[in-house]
Amino acid sequence: MMTNGMEYIDDIEALLPWYAAGALDESEIAEVEAALAVRPELRASLALVEQDRDETISLNESLGAPGHNVWERVAAVAQAEPRKPPLLSRLAALIGAGPLPQKRRLVWAGAAAAVVIAVQAVAILSLLPSPQGPGPGYQSATAPVAVGASVLVAFAPETRLDQLGAFLRDYKAKIVEGPRAGGFYRLSVGDTKLSKDEVTALVAALSAAPIVKMALPGAGN
Amino acid sequence: MATETDDDLLRRIRSGDQLALKTLYGRHHVKIFRFAMRLLRSESSAEDVVSEVFVDVWRNATNFEGRSEASTWLLAIARNKAFSMLRKTKREDELDEGAVAEIEDDSDTPEVTLQKKNKGDLLRALLAQLSPPHREVMDLVYYHDKTVEEVALIVGAPEGTVKTRMFHARKRLSELAKAAGLDRGWP
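Rules and cut-offs
Residues numbered from 1 in each chain as written. Chains lettered and ligands numbered in written order. Predicted model: local features only at pLDDT ≥ 70, side-chain atom pairs only at ≥ 80, totals over all residues. Helix = DSSP H or I, 4+ residues; strand = E, 2+ residues; numbered from the N terminus. Buried ≥ 20, exposed ≤ 12 C-beta atoms within 10 Å, placed from the backbone. Contact = placed C-beta atoms within 7 Å. pLDDT = per-residue confidence, 0-100. Pairing = 2+ DSSP bridges. Axes fitted to C-alpha atoms, helices over the stretch in contact; angles between N-to-C directions. Nonpolar A, V, L, I, M, F, W, Y, C, P; charged D, E, K, R; others polar. Core = buried A, V, L, I, M, F, W, Y, C linked by C-beta atoms within 7 Å. Expected span 1.5 Å × (residues − 1). Arc of directions from axis to C-beta. Left-handed = near helix turned anticlockwise from the far one by under 90°.

J.: Please give an account of the overall build of chain B that cites residues and values.
T.: Within chain B, the regular secondary structure consists of ten helices and zero strands. When the helices and strands of chain B are read in sequence order from the N terminus, they spell out α-α-α-α-α-α-α-α-α-α. Burial status across chain B gives 43% buried among its 187 residues. When contacts within chain B are restricted to residue pairs at least 6 apart in sequence, long-range pairs at least 24 apart make up 63% of them.

As structure tokens, then:
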């Protein structure tokens, strides 16, 4: 029983409108149907509820629709106030990557279950393309020719390898050189050269990634 | 090609995509209009609510957190705007929200509605007479197919209150019907 001041309202009776609207979950439906099977007064009540539902729908359907000028008003505001896409989306478009991850999606989800692997030079270098062709292996980074934007990135020490891999995939980035002094790696991002302003924006976006300790524009942009 | 979800459209709107805004408008403007019409009883005011809702969507799409359906979010915005207009119409300095909430429309009395052709006409006339909170809870459940939780989100009340309000809306409808000569035998 639900109570409302001194009034008692039967729980099943209270659910009948949602039952009639098809807006209950399976367990509630089962509960209502079990009660309906043994309580004739509830069945009578449901018939009234269904009447109310039908007339409410009929009444709403009779109300028509807004005029075309309403959309024109909305469109005029949208034209007059173009939204600036979020920085990450603009960069994604710029470097030809798909939607970039929201920061919170990267932030330590499942960290308790995951084995934390500190980013060390060997682990990062395992992601470098081998001069001898594909395949894992340690090789010194000798600055292969980068075609995208060049940036220097130092990663947070607690970064996991899977996070690093996701970061590189999301930004269409490759590690092309490192580590340098200060733990910096040179990354090639995307597959086209960017203007100075675009590189600045890219560096700002990379700096905001949770696994990035610091990002700087690289040489050769 | 699979139809884009409302969430997909809102994501595009956040990126400044006006076509996505138009598609979202196309999906929801009629229901938003009718919801506002039922509360405000004025076509031009309901149209104002629709335009303001979608302008808000354009400006504040980032506020949509995806914890509910987009239609629930839109109805909640529409409700706020409609109640704000109701308050202005009823002279805010004289009436608080509670008072506005309780006002029933007496433009079509039970005696007049008795003359309606049949029970359906009578019930629709009585539904139109309910107070705004009673009208909206009935509309949200029966016409907009909203769950208890969704109605609670839209009207900003606890779920228990929503159930109680619906019960009282039904009870009030039966009282109005009885006064108009139609005894429904409930409650």
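J.: So what about the confidence of the model for chain B? Which residues, and what values?
T.: Residues and elements named next belong to chain B. Of all residues in chain B, 84% attain a pLDDT of 70 or more, and the chain-wide mean is 87. Confidence drops under a pLDDT of 50 for residues 91–100, and excluding neighbours within four residues, the segment shows seven contacts in the predicted structure. We note a pTM of 0.63 for the whole complex and an ipTM of 0.87 for its interfaces.

J.: Give a description of the pairing of strand β5 (residues 184–189) of chain A that names residues and reports values.
T.: Residues and elements named next belong to chain A. Among the six residues that make up β5, six are buried, leaving the element largely enclosed by the rest of the structure. Covered by surrounding structure in β5 are Phe184, Arg186 and Ser188 together with Tyr185, Leu187 and Val189, the residues of both alternating faces. Two strands pair when backbone bridges link them, and strand β3 (residues 149–155) and β5 are joined in this way by six bridges, in the antiparallel orientation. What sits directly across from Ala154, in β5, is Phe184. As judged from the four bridges shared by strand β4 (residues 173–177) and β5, these two strands associate in the antiparallel manner. Opposite Lys174, over in β5, you have Ser188 as the bridge partner. Where β4 folds back onto β5 in an antiparallel hairpin, the turn is made up of six residues, including Gly178, whose phi is positive at roughly 140°.

J.: I'd like a rundown of the sheet that holds β5 of chain A, residues and numbers included.
T.: All names here are of chain A. Spatially, four strands are ordered β4-β5-β3-β6 in an open sheet, and the strand pairing comes out antiparallel. The sheet terminates laterally at β4 and β6 (212–217), the two strands that pair on one side only. Strand-to-strand twist in this sheet, taken as the mean axis angle between neighbours without regard to direction, amounts to 35°. Across the sheet, helix α9 (residues 196–208) touches β3, β5 and β6, and the angle it forms with β6 is around 175°.

J.: Explain the environment of Lys213 of chain A to me, using residue names and the numbers behind them.
T.: Residues and elements named next belong to chain A. Within the secondary structure, Lys213 is located in strand β6. Residue class for Lys213 comes out partly exposed when judged on the 16 C-beta atoms lying within 10 Å of it. Residues Lys213 and Phe184, 29 residues apart in the sequence, show an inter-C-alpha distance of 9.6 Å. Not counting the four nearest positions on each side in its chain, Lys213 is found in contact with Ala154, Phe155 and Ala156.

J.: Summarise the interface of chain B and chain A; cite the residues concerned and give the values.
T.: Accessible area lost upon the coming together of the parts serves often as the stated size of an interface. Between chain B and chain A, the contact holds 41 residues from the first and 36 residues from the second. Among the elements of the structure, α2 (18–40), α3 (43–60), α7 (119–129), α8 (132–143) and α10 (159–179) of chain B are those that each provide at least two residues to the side of chain B that touches chain A. Looking at the side of chain B that touches chain A, its residues break down into 21 nonpolar, nine polar and eleven charged.

J.: Outline the nonpolar core, listing residues and values.
T.: Formed by 70 residues in total, the largest nonpolar core has its most connected members in Ala36, Ala78 and Val141 of chain B. Top element by residues in this core is α2 of chain B. It accounts for eleven residues. Discounting chain neighbours no more than four positions away, the residues touching Val141 of chain B are Pro17, Trp18, Ala21 and Ala23 of chain A together with Lys146, Val151 and Met166 of chain B. Counting 21 residues, the second largest nonpolar core, distinct from the first, contains Ala149, Ala173, Val203 and Ala215 of chain A.

J.: Residues and numbers for helix α4 (residues 70–89) of chain B, please.
T.: Over its 20 residues, α4 of chain B runs 29 Å from end to end, which matches the ideal 28 Å to within 8%, given 1.5 Å per residue. Within α4 of chain B the residues assigned to the buried category are Ala70, Trp73, Leu74, Leu75, Ile77, Ala78, Arg79, Lys81, Ala82 and Leu86 of chain B.

J.: Lay out unusual backbone geometry with the relevant residues and their values.
T.: The omega torsion across Trp186 of chain B and Pro187 of chain B is 5°, close enough to zero to call that bond cis. Here Pro187 of chain B shows up in the segment after α10. Positive phi, normally seen in glycine, also occurs at Lys172 of chain A, with a value near 50°. Within the secondary structure layout, Lys172 of chain A lies in the loop between α8 (161–170) and β4. Positive phi, close to 55°, is recorded for Arg41 of chain B, a residue that is not glycine. With respect to the element layout, Arg41 of chain B can be found in the loop between α2 and α3.

J.: Lay out helix α1 (residues 6–14) of chain B with the relevant residues and their values.
T.: Residue and element names in this part refer to chain B. Within α1, the full set of buried residues consists of Leu9, Leu10, Arg12 and Ile13. Buried residues in α1, looked at end-on, bunch into an arc of 160°, giving them a common side. Check the buried side of α1 and you find it contacts α2, α3 and α4. Once α1 finishes, Gly16 follows within two positions and takes phi at roughly 90°, a positive value.

J.: How would you summarise the packing of α4 of chain B against helix α9 (residues 148–155) of chain B if you had to cite specific residues and measurements?
T.: Residue and element names in this part refer to chain B. Contact geometry for α4 and α9: axes closest at 8 Å, N-to-C directions at 35°. In this structure, α4 crosses over α9, and the sense of that crossing is right-handed. Touching Thr72, Leu75, Ala76 and Arg79 of α4 are Glu150, Leu153, Ile154 and Val155, all from α9. Classifying every residue of the contact of α4 with α9 gives five nonpolar, one polar and two charged.

J.: Give a description of the confidence of the model for chain A that names residues and reports values.
T.: Residue and element names in this part refer to chain A. In the predicted model, chain A carries a mean pLDDT of 75, and 68% of its residues have values of at least 70. Taken together, the stretch residues 98–120 has pLDDT below 50 and engages in 27 contacts with residues farther than four places along the chain or on a different chain. Counting contacts from residues 130–143, a segment whose pLDDT is below 50, to residues more than four positions away or on other chains yields 15 contacts.

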